[in-house]
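# Coordinate inspection notes
Spelled out, the chains give:
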Amino acid sequence: MTMNKLPAIAQIGEPILRNQAKPVDKILDHTIIELIDRLINTAIANQGVGIAAPQISQPYRLFIIASHPNDRYPHAPTMAPTAMINPQILSHGDEVVKDWEGCLSVPNVRGLVPRYRSIEVEYTTQQGETKQEILTDFVARIFQHELDHLDGILFIDRVTDPADFLFCKQPTYVRDSENSTCF
Ligand code: ZN
C-alpha cells in the first residue's frame, strides 16, 4: 500500500459513522490483516492517535491506538500503533474527567468530553491473542473514543455543555500548535 493510495476518511454525515460495526470472526484473515495495515498507515499519515475501521468505511469492530506526546497531551505515552480487535470495556473506575478531543471524521470541531479515567479492557491482538489490560488517562480516553466509533457514536454526542465546543478555522487533522490531537 503506497502512501498516496490511502483510503479517504469518512466524514460526519456519512451513514457508516452511525452504524453498529460487526464483530471480526476471522482474525488472521488476509482482509483483516490488510485492513489493519491501512488503518495504521492512515493514522500515521494524519498524525492521529487512533482510528477506527468505520472511519475508512469498513464496518468491523477493530481500531488502532497510536498514542504519542503532542501539544495538548505532552505526557502521553508513545506506543507503537496497536490493533485492538473486538474490543470491550470490562469495568471502569468511578472517576470521570473532561478533556479536549478532536476527530479525523469531524473536521474543525473540538470538544470537552467526559470519559472514565481508568478502564479495564479486553481485546484480541493482531496475532489472535486475547488480552486484558488496565488503561488510564490519555490512552483510556483514546480507547473510549474509538470504541464509540464501533457503536456509531461520535465525540460530539458526548459533549455535555454547548460551551464546551471549540470551532477551528482549519481541520483538526492539520498539525499546528493548537490542534495536534486527532482520534
Ligand atoms: Zn474519532
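Each residue is numbered by its place in its chain's sequence as written, counting from 1. Selection of residues for local features in this predicted model requires a pLDDT of at least 70, selection of side-chain atom pairs for listing and counting requires 80 or more, and totals for whole chains, interfaces and linings are taken over all residues.

It is worth spelling out the sheet that holds strand β8 (residues 165-167) at this point. Strand order in the open sheet made by the 3 strands is β4-β5-β8, with antiparallel pairing throughout. A single partner strand is all that each edge strand has here, and the edge strands are β4 (96-103) and β8. Here the strands of the sheet are splayed against their neighbours by 20 degrees on average, with no regard to which way each runs. By definition, two strands form a pair when at least two bridges between them are found by DSSP. For helices the rule is a DSSP run of H or I covering at least 4 residues; for strands it is a run of E covering at least 2, with both sets numbered from the N terminus onward. With 3 bridges joining them, strand β5 (residues 106-116) and β8 adopt antiparallel strand pairing. Axis geometry follows a simple rule: fit a line to the C-alpha atoms, using only the stretch in contact for helices, then measure angles between N-to-C directions, giving values from 0 to 180 degrees.

On to the nonpolar core, then. With 36 residues, the main nonpolar core has I51, F63, I64, I65, V139, I142 and F143 as its most contacted residues. Where this core is concerned, the elements lending two or more residues are α1 (30-45), β1 (50-52), β2 (62-65), β3 (82-92), β5, β6 (118-124) and α2 (137-150). Looking at this core element by element, the count peaks at 7 residues for α2. Not counting residues within four places of it along the chain, the set of residues in contact with F63 comprises G50, I51, A52, A53, M84, P87, E146, H149 and L150. Note on definitions: a nonpolar core is a set of buried residues drawn from Ala, Val, Leu, Ile, Met, Phe, Trp, Tyr and Cys, linked by C-beta atoms within 7 Å. As a rule, residues whose C-beta atom has 12 or fewer other C-beta atoms within 10 Å are exposed, those with 20 or more are buried, and those in between are partly exposed; C-beta atoms are placed from the backbone. By the convention adopted here, residues are in contact when the distance between their C-beta atoms, placed from the backbone, does not exceed 7 Å.

To continue, consider the pairing of β5. Taken residue by residue, a regular strand's side chains alternate between the two faces of the sheet. Pairing geometry for β4 and β5, over 7 bridges, is antiparallel. Looking across to β5, one finds that E101 is bridged to G111.

Judged by which residues are buried, β6 turns out to be one-sided: I119, V121 and Y123 face inward and are buried, whereas S118, E120, E122 and T124, on the alternate face, are not. Here β3 runs beside β6; their pairing, made up of 5 bridges, is antiparallel. Looking at the pairing, I89 lines up with V121 of β6. Inspection of the sheet shows β6 paired to strand β7 (residues 130-136) by 7 bridges, in the antiparallel sense.

Attention now goes to α2. Expected helix span is given by 1.5 Å per residue-to-residue step, counting one fewer step than there are residues. Its 14 residues place the ends of α2 21 Å apart at the C-alpha level, agreeing with the 20 Å of an ideal helix rising 1.5 Å per residue. Counting buried positions over the 14 residues of α2 gives 12, a clear majority of the element. What α2 keeps buried is the set F138, V139, A140, R141, I142, F143, Q144, H145, E146, L147, H149 and L150. Where α2 terminates, the next one or two residues include G152, which has phi positive at roughly 75 degrees.

Spatial strand order, β1-β2-β3-β6-β7: 5 strands in an open sheet with antiparallel pairing. Either end of the sheet is taken by a strand with one partner, and the two such strands are β1 and β7. Direction aside, neighbouring strands of the sheet carry axes that sit 40 degrees apart on average. The pairing of β2 with β3 spans 4 bridges and is antiparallel. By the bridge assignment, I65 is partnered in β3 with T82. Strands β1, β2, β3, β6 and β7 of the sheet are contacted by α2, whose axis makes an angle of about 155 degrees with β2.

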